[in-house]
There are 2 protein chains.
Amino acid sequence: MAEQGVTPRSKDYARWYTDVVLKAELADYSPVKGCMVIRPYGYALWENIREQLDRRFKATGHVNAYFPLFIPMSFLEKEKEHVEGFSPELAVVTHGGGKKLDEPLVVRPTSETIINAMYAKWVRSYRDLPILINQWANVVRWEMRTRLFLRTTEFLWQEGHTAHASQEEAEEEARRILDIYTDFAVNEAAIPVIPGMKSEKEKFAGAVWSSTIEAMMGDKKALQAGTSHYLGQNFARAFGTRFLNKNNELEYVYQTSWGVSTRMVGAVIMVHGDDKGLVLPPRLAPIQVVIVPIWRKEEQKHTVLGEAEKVFKELQASGVRVKLDDREGVSPGFKFNDWEMRGVPLRIEIGPRDVENHVVVVSRRDIPGKEGKSTFGREGLVQVVRELLDAVQSSLLEKATRFRDENTHEVRNYDEFKEVLESEGGFIKVPWAGSPEDEVRIKEETKATIRCFPFEYEGEGGTCFYTGKKADKIAIFAKAY
Amino acid sequence: MAEQGVTPRSKDYARWYTDVVLKAELADYSPVKGCMVIRPYGYALWENIREQLDRRFKATGHVNAYFPLFIPMSFLEKEKEHVEGFSPELAVVTHGGGKKLDEPLVVRPTSETIINAMYAKWVRSYRDLPILINQWANVVRWEMRTRLFLRTTEFLWQEGHTAHASQEEAEEEARRILDIYTDFAVNEAAIPVIPGMKSEKEKFAGAVWSSTIEAMMGDKKALQAGTSHYLGQNFARAFGTRFLNKNNELEYVYQTSWGVSTRMVGAVIMVHGDDKGLVLPPRLAPIQVVIVPIWRKEEQKHTVLGEAEKVFKELQASGVRVKLDDREGVSPGFKFNDWEMRGVPLRIEIGPRDVENHVVVVSRRDIPGKEGKSTFGREGLVQVVRELLDAVQSSLLEKATRFRDENTHEVRNYDEFKEVLESEGGFIKVPWAGSPEDEVRIKEETKATIRCFPFEYEGEGGTCFYTGKKADKIAIFAKAY
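On a predicted model such as this, the values are computed, not experimentally measured, just so you know. (Residues numbered from 1 in each chain as written. Chains lettered and ligands numbered in written order. Predicted model: local features only at pLDDT ≥ 70, side-chain atom pairs only at ≥ 80, totals over all residues.)

Brief notes about the overall build of chain A
- Secondary structure assignment for chain A yields 14 helices and 25 strands.
- In terms of principal-axis extent, the alpha carbons of chain A reach across some 80 × 60 × 45 Å.
- A buried classification covers 50% of the 481 residues belonging to chain A.
- If you take every contact in chain A between residues at least 6 apart in sequence, the share linking residues at least 24 apart comes to 68%. (Helix = DSSP H or I, 4+ residues; strand = E, 2+ residues; numbered from the N terminus. Buried ≥ 20, exposed ≤ 12 C-beta atoms within 10 Å, placed from the backbone. Contact = placed C-beta atoms within 7 Å.)

Details of the interface of chain B and chain A
- Each partner contributes residues to the interface: chain B has 41 residues there, and chain A has 41 residues.
- Here the side of chain B that touches chain A gets six residues from one element, more than from any other, and that element is strand S5 (residues 91-96) of chain B.
- Among the residues forming the side of chain B that touches chain A, the class breakdown is 28 nonpolar, eight polar and five charged.
- Examined bridge by bridge, strand S5 (residues 91-96) of chain A and S5 of chain B share five bridges and lie antiparallel to one another. Residue pairing across strands places Gly96 of chain A opposite Ala91 of chain B, the latter belonging to S5 of chain B. (Nonpolar A, V, L, I, M, F, W, Y, C, P; charged D, E, K, R; others polar. Pairing = 2+ DSSP bridges.)

Remarks on the relation of the copies chain B and chain A
- Expressed as a screw operation, the relation of chain B to chain A combines 0.0 Å of axial shift with a rotation of 180°, fitting to an RMSD of 0.0 Å. When the rotation and shift are considered jointly, the pair of chain copies conforms to a two-fold rotation axis. Measuring from the rotation axis to each C-alpha of chain B, the shortest distance belongs to Val93 of chain B, at 2.1 Å.
- Most of the interface of chain B is mirrored in chain A: 100% of its interface residues are interface residues there too. (Least-squares fit on C-alpha atoms with pLDDT ≥ 70 in both.)

Thoughts on the domain arrangement of chain A
- Domain annotation for chain A reports domain 1 (13-272), domain 2 (289-388) and domain 3 (408-478).
- Placing a centre on the C-alpha atoms of domain 2 of chain A and another on those of domain 3 of chain A gives a separation of 49 Å. (Domains from an automatic or database assignment.)

Section: the nonpolar core
- Counting residues in hydrophobic clusters, the biggest one holds 295 residues, and the most contacted among them are Ile191, Ala215, Ala267 and Ile291 of chain A together with Ile191, Ala215 and Ile291 of chain B.
- What Ala215 of chain A contacts, discounting residues up to four positions off in sequence, is Ala185, Ile191, Val193, Leu223, Ala225, Ala267 and Val271 of chain A. (Core = buried A, V, L, I, M, F, W, Y, C linked by C-beta atoms within 7 Å.)

Topic: the sheet that holds S5 of chain B
- If you walk across this open sheet you meet the six strands as S4(A)-S6(A)-S5(A)-S5(B)-S6(B)-S4(B), and the pairing is antiparallel. The outermost strands of the open sheet, each flanked by one partner alone, are strand S4 (70-72) of chain A together with strand S4 (70-72) of chain B. Across the sheet, the axes of successive neighbouring strands diverge by a mean angle of 45°, strand direction being ignored. (Axes fitted to C-alpha atoms, helices over the stretch in contact; angles between N-to-C directions.)

A closer look at the sheet that holds strand S25 (residues 474-478) of chain A
All names here are of chain A.
- Read from one edge to the other, the open sheet built from eleven strands follows the order S3-S7-S8-S14-S11-S10-S9-S22-S25-S21-S20, with strand pairing classed as mixed. For this open sheet the edge positions go to strand S3 (63-64) and strand S20 (408-410), each flanked by a neighbour on one side alone.
- One ladder, built from three bridges, connects strand S22 (residues 449-454) with S25; its direction is antiparallel. Looking at S25, one finds that Thr449 is bridged to Ala478.
- Each of strand S10 (209-216), strand S11 (222-232) and strand S14 (254-261) touches helix H8 (residues 263-272); the most contacted strand, S11, lies at about 145° to it.

Considering the packing of helix H9 (residues 298-317) of chain B against helix H12 (residues 381-406) of chain B
All names here are of chain B.
- H12 packs onto H9 with a crossing angle of 60° between their chain directions and a minimal axis gap of 10 Å. Comparing their axes, H12 and H9 come out oblique. H12 is crossed by H9, and the crossing has right-handed handedness. Of H12, the residues touching H9 (which contributes Val311, Glu314 and Leu315) are Leu381, Val382 and Val385.
- Of the residues that constitute the contact of H9 with H12, the class distribution is five nonpolar, no polar and one charged. (Parallel < 35°, antiparallel > 145°, perpendicular 65-115°, else oblique. Left-handed = near helix turned anticlockwise from the far one by under 90°.)

Some words on the pairing of strand S7 (residues 131-140) of chain B
Residues and elements named next belong to chain B.
- By the criterion of burial, S7 is predominantly enclosed, with seven of the ten residues buried.
- Summarising the sheet, strand S3 (residues 63-64) and S7 pair through two bridges and their orientation is parallel. Directly across from Val63, in S7, lies its bridge partner Ile133.
- Of the pairings in the sheet, the one linking S7 to strand S8 (residues 154-164) comprises ten bridges and is antiparallel in character.

Thoughts on unusual backbone geometry
- That bond from Leu129 of chain A to Pro130 of chain A is cis: its omega, -5°, falls within 30 degrees of zero.
- Summarising the element assignment, Pro130 of chain A is placed in the loop between helix H5 (112-122) and strand S7 (131-140).
- At Lys220 of chain A, a position not held by glycine, the phi torsion is positive, near 75°.
- Relative to the helices and strands, Lys220 of chain A is located in the loop between S10 and S11.
- For Lys447 of chain B, which is not a glycine, the phi torsion comes out positive at approximately 70°.
- The topology assignment puts Lys447 of chain B in the loop between helix H14 (436-446) and strand S22 (449-454).

Structural notes on helix H10 (residues 332-341) of chain B
- Three or more residues of H10 of chain B are buried, namely Asp338, Trp339 and Glu340 of chain B.
- Positive phi shows up at Gly343 of chain B, right after H10 of chain B, with a value of about 75°.

Some points on the environment of Thr153 of chain B
All names here are of chain B.
- Structurally, Thr153 can be placed in the loop between S7 and S8.
- C-alpha separation for the pair Thr153 and Leu90, spaced 63 residues apart in sequence, amounts to 9.6 Å.
- Not counting residues within four places of it along the chain, the set of residues in contact with Thr153 comprises Gly34, Cys35, Val140, Arg141, Trp142, Glu143 and Thr146.

A few points about the environment of Lys443 of chain A
- Relative to the helices and strands, Lys443 of chain A is located in helix H14 (residues 436-446).
- Measuring from C-alpha to C-alpha, the distance between Lys443 of chain A and Thr153 of chain A comes to 24 Å, with 290 residues separating the pair along the chain.

Listed below in structure tokens is the structure:
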């Protein structure tokens, strides 16, 4: 218990992140290189993320299914860009049931190929379309340098794979999903993401175009928090996924794919956390309210615990995710620090005098110290708690939006670009008319990449900060995870 | 559309099963040998199973987590019986990220070993116990002869892994879980399972004892539908999972593990299905009610569809999982057969005259023909539907229980045993005092195995039908999936 607390975020961001993940017991390193263990508290956070996304998918007509973990190596090779993109990251099964396999099997890094093999079998006519399938699954991409939640060899995600009778409908779908991701990020995770298009260089291996939601972390670096791709007919051609259209002609289907992964947990940690540890948005927090009963003398215990249990039951009955910390042999101060580190949005303290006065003390995790602490009457407490949870949720979004905006810069030329990146970091918003080669050069020289061309600025342009040419789009550059 | 319908169950049970799975679009074969694709309708059934189990786990203090897919080969080798049991079924990853691995990784066939490696790290004192963790995951066991849902190389399941400070507490946990499984099977799946102990020969590789729920399928064969194991300190010793007990002594933890898999979908199909296809218990059915609007003339269409939509909305608002089949170009008769084959518990027909008379016709899937068909007033329809769903649920359980009891036989000696097994099949309930070698011999000669020693008959005995010795337990023998 001596080593309570985490490395302050302001002191060492990378160590802070690892400390928070390990000490808040969100995840742990596993004996298998590159793989992590998602511990119950981290998994409960992921379950809430999953539930909120799944609800949105189902409300827009999507259904879940499950496709095999293993993909024949030859399937990946059918789409040229796809195999080039993924082959350095593959885990390969060569033996099964004690025998060497005739053809090695790849552990899925993503499932476009195996799913197309099935769609090719299922789709006959336009009446079979659209197919709007999502899958919740584990995937494996071999990683050398791993970081809990952000970059691990195995991770959990959802991958949507849809097939449509027209390009227009498929492109609409890919955009609709990005809207869902944006809505989820903003309204559940309180992360003010920037939705936009990926550059040619950064798009998904096998896509016609890729769109993304980009978020700014607490160290001003960018994190890609979800992607939605329009695949055109690339995979359909590779797998012969064709349908009879209304004119009775055979045509390849038009497809999308899209995913959000356990990376989102990393985003939540890095966007909202502070020196003391995690700060969780109430709508995703596994525990929204913790109750800490406080007593000194043994004769106070019964009264205080009784009242704490009453409050616990009231909140639980009203659907609030609440925990009563009635551990003995642990001081209230220790409990305060512990639950602060674990990011619980509200803490309710109940002492003997509070019981007498029919009040409780509520502390907001997002406002440290006395300013976040208020006394409320016991009557109508449930309503007060609900309002405070909403207030914390909005305030986290506002704070993250302000932080992002304050750390988004505009520059006129490459010198300024490098200077701002060096001295300030953050996002750099610039008109762009460069080539993919220019992008590579900038990345080599500054580590910054085009995060996206925000939809928000579609139609805008200016003079390209790098080439000086007339630019018809606005890019956001940043160093990224 | 010509090939509607399935092979009648009474004609060819095995073909019937495969027909139902494929034609009701529950699952499909995949291009990867031994692996199946779970299609949306089958996955929705699995989601309902999962939700009902998960709810029960959480209500009894369990939490979910996630452990790596890959397990170092050396981990499996630490528990002797465990590796012997699983090594013929392993899929092995030998290459990752383009390189040969120093140590091959096994794709988890079950996770006792990797989880113990973590528990050994997490557990220090009795205060850290119990650990009550469950994981929803995919596992791989290489299979030569596969059958959709029943036996596939990859399958989905939940695996619980708990650690306790005493043998008593751990054994209680293993029994509690089997109670949960029984409650789920009986009350959600309408499957009258028999909970009991596995014989030494049939227990889990590495367990002290294994318990099981055994169900009788429609062809009178047995299916193991869930298992709960008391592991003692076997894995704890292998991995050094120790804790300081209250006397300040280092002691190995006492463990359990338990699982239910996508096999349960196979059980639901085989217990309730009939010649026409699937019959789903309402509590698990993805679609509980299908509405089929019927019209002949174009001018009736508007009225009938309007009414059908009204009924749809009323049922949906009240939480019933309902579908409106408003497909055009498909006859009502075709729709009836289609939804019967897919096992939807209730069908509501609405024609022009029904609209005039303020009535609807409701057909029960579990009672074929006119007997299952009744006309109800529009008023109070939601209540009627709820009651009918409950009635179907109970009636399926009653029918399955009657079928099981009618096909459970008692015999006095091995000759009778063989004769009954040959002529009748089903379960054979007998006093047992044989050895594991006797069990093997009976299996070789008759294909029947001890399914379990039912808890229901604990304390009972008699004269062993095989050895003639005094028996202190009752066994259920059967041929099994």
